[in-house]
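Letter by letter, the chains look like this.
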Amino acid sequence: MSIKSVQISLDKNILEICWSDDHISRFHAKWIRFHCKCVRCKPTVTFDYKIDIPSFSPDLAYDEVKITDEGQKLHVTFEKELFQNHVTEHDVDWLRQKCYCDACLEEKVKARDVISKHLRKGKKKILPKVDYKEIVDNSDRGTFKWLKHVIEEGMCLIENVPREEKMIEEIGSKVATLEMTSYGPVWSVIDTGVDNAAYSTIGLPLHQDQPTYESAPGLQLLHTLRFDSAVTGGDSTLVDMFKAVEILRKESPEDFQTLVEVPATYCQIDHSPSSIEPTHLEHQKPHITLDYFGKVVGCVWHPGLQSALQVRERDVERYYKAHNKMMEIIRREKLQYKFKLSAGDLIIFNNRRMLHARDAYKSNGGVRHLLGAYLRLDDVKSKYLVLARKLGYDVIPPKVGNNSSM
């Protein structure tokens, strides 16, 4: 890509570039100056802060623009420049990549939205699977394989994992450090009689874990150590909340907007002697988060941890109307992945995207015992991109549900 022509606006605040493919980019003077790539301005080490934006004149304006190196370099000087004799430098390829016209921004956001791409494919609800042997035989490629399923489809089942307590940390640590929560780094899901639905035989409704934290856990790992044949019930369900939210937007835009605007309050208070650590967590947040571009980038759902609604009087009725509509959608059978775990199965899913549930069960003298752990979603995304580069795969930084589309 090369530059055909450049033009400075009359007020000297906008530089218009016409590219060799006739695309037009418009860059503000401050944007070009503050992203200068010269030796004086470009950071050479992490956290190096070479340009102090408030130090520059608010009236910074273009003075002169030159194209060099056969259209591959842009050299710019500014009126009211802070540094004497300074020339701002830019590679044109970088400039084109960072064009922020509406069309380019829309294209970037769309390219990163692997969630919507997967949902549009309309595939049958088949749980993606990877055999543990693939991870053992080729650690990087096997790990990348299940990571790719989780990034794109929201979940993956690893089969035939040895039924040893160390395995959940061994597999998880290939991607990120296990995340500490009020339940510790690794926790058991087994009927213990403790005053917590997860540690009983009752059914668990569709939900996401730990919404009481400002940043809820990212990936959830559940390793089945035992699921004895005597046990009846206890089947699992997953639902893609991002798909459910888009259905809500299409079928009931008013309810969708309500869940964007009106927050629920989540509460987890536990001072019981049996708790690992006394806990007092409260957090108010909306069920749906949109980014700057109006795209869904986050969703939260856990009716079991919602406490008293604390919103203005005018919003109470519309909130419950929207809540009921959302609940009706996520309960639709066509959205549900239903499956029964077997001993040795390790299910991994994106807790910021997927709802999960468990049917009630009866032990009948048998045992259903799972180990659980969490991985921070930002670290998981980083590992996915690092592994892709190492293995030579061309992937785009994806939207993963961590409240960001970029």
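None of these values were measured; they are calculated from a predicted model. Residue numbering note: each chain is counted from 1, following its sequence as written. Thresholds applied to this predicted model are a pLDDT of at least 70 for local features of residues and 80 or more for the giving and counting of side-chain atom pairs; totals over whole chains, interfaces and linings are not thresholded and use all residues. With hydrogens and water set aside, each side-chain value is computed from the structure's full complement of heavy atoms.

**Q** I tried to follow the pattern of salt bridges on my own but got confused; where do I start?
**A** Side-chain pairs of opposite charge can arise where the charged atoms are in close proximity. Throughout this description, the term salt bridge denotes a Lys or Arg side-chain nitrogen within 4 Å of a carboxyl oxygen of Asp or Glu. A complete count under the given rule lists 28 salt bridges for this structure. For the salt bridge of Arg26 with Glu16, the shortest nitrogen-to-oxygen distance reads 3.4 Å. Taken as a pair, Arg26 in strand S3 (residues 24–28) and Glu16 in strand S2 (residues 14–19) lie far apart in primary sequence, 10 residues in all. Here's how the labels work: a residue is buried when its accessible area is under 20% of the maximum for its type, exposed when over 50%, partly exposed in between, all with a 1.4 Å probe on protein chains only. Classification of Glu16 by relative accessible area gives partly exposed; the value is 29%. As a salt-bridge pair, Arg318 and Asp315 come within 2.9 Å of each other at their nearest N and O atoms. Separated by three residues within a single helix, Arg318 and Asp315 lie in helix H10 (residues 313–330), roughly one turn from each other. With relative accessibility at 29%, the residue Arg318 sits in the partly exposed group. Strands are runs of DSSP state E lasting at least two residues, helices are runs of H or I lasting at least four, and both sets are numbered from the N terminus onward.

**Q** How should the packing of helix H6 (residues 139–153) against helix H11 (residues 377–391) be read in this particular structure?
**A** Helices that pack against each other are described as a pair by the angle of their axes relative to one another and the distance between those axes. For the pair H6 and H11, interaxial distance at closest approach is 10 Å and the crossing angle is 130°. Looking at the two axes, H6 sits oblique to H11. With respect to the hand of their crossing, H6 and H11 are arranged in left-handed fashion. Of the residues in H11, those in contact with Asp140, Arg141, Thr143, Phe144, Leu147, Lys148, Ile151 and Glu152 of H6 are Val380, Lys383, Tyr384, Leu387, Ala388, Lys390 and Leu391. Angles run from 0 to 180 degrees between N-to-C directions of axes, and those axes are lines fitted to C-alpha atoms, restricted for helices to the stretch in contact. An angle counts as roughly parallel when it lies under 35 degrees, as roughly antiparallel when it exceeds 145, as roughly perpendicular when it falls between 65 and 115, and as oblique in every other case. Left-handed is the label given to a crossing in which the near helix is rotated counterclockwise from the far helix by less than a right angle, and right-handed is the label when the rotation is clockwise. Pairs of residues are marked as contacts when any of their non-hydrogen atoms sit within 4.5 Å.

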